[in-house]
Amino acid sequence: MTRPMKSSIISLIRLDEPTPQHDDWICTAHGRDACTRDIVAVAELQTKDAVQPYRVCEAWLTENTSAAAYLATNGYDNR
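Not measured: the values here are computed from a predicted model.

1. Topic: the sheet that holds strand S1 (residues 8–19)
The strand order across the open sheet built from three strands is S1-S2-S3, with neighbouring strands paired in antiparallel fashion. Strands at the two margins of the open sheet, each flanked by one partner only, are S1 and strand S3 (51–57). If you compare each strand with its neighbour and ignore which way they point, the axes differ by 20 degrees on average. Where S1 lies against strand S2 (residues 39–46), seven bridges are found, and the strand directions are antiparallel. Directly across from threonine 19, in S2, lies its bridge partner isoleucine 39.

So this is what it looks like as structure tokens:
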């Protein structure tokens, strides 16, 4: 597990189907060079300045402590 994030998760939206990474649609958590998995969700994160979308793979949802805690408490916001 990774350590908790500095930014808070505002919402976690599960995609209808996994989407391959392409162009600028990459795994925000890992980057294209370190991740070849499909994008399965978009997390909206409250950063210092704004709410930012964060495209994520399945591994991030289980390995990141903040994401795992959010899902355990809230589930997906669109399910």
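From this point on, the discussion continues.
2. Thoughts on the packing of aromatic side chains
Centre-to-centre distance and the angle between the planes together describe a pair of aromatic rings. Scanning all chains against the criterion turns up one aromatic pair. A ring pair is formed by tyrosine 54 and tryptophan 60, whose centres lie 5.5 Å apart and whose planes are at 55 degrees; its orientation type is tilted. Accessibility expressed as a relative area gives 5% for tryptophan 60, which makes it buried.

How each quantity is defined
- Residues numbered from 1 in each chain as written.
- Predicted model: local features only at pLDDT ≥ 70, side-chain atom pairs only at ≥ 80, totals over all residues.
- Heavy atoms only, no water.
- Pairing = 2+ DSSP bridges.
- Helix = DSSP H or I, 4+ residues; strand = E, 2+ residues; numbered from the N terminus.
- Axes fitted to C-alpha atoms, helices over the stretch in contact; angles between N-to-C directions.
- Phe/Tyr/Trp six-rings, centres within 6.5 Å; stacked < 30°, edge-to-face > 60°.
- Buried < 20%, exposed > 50% of the residue type's maximum accessible area, 1.4 Å probe, protein only.

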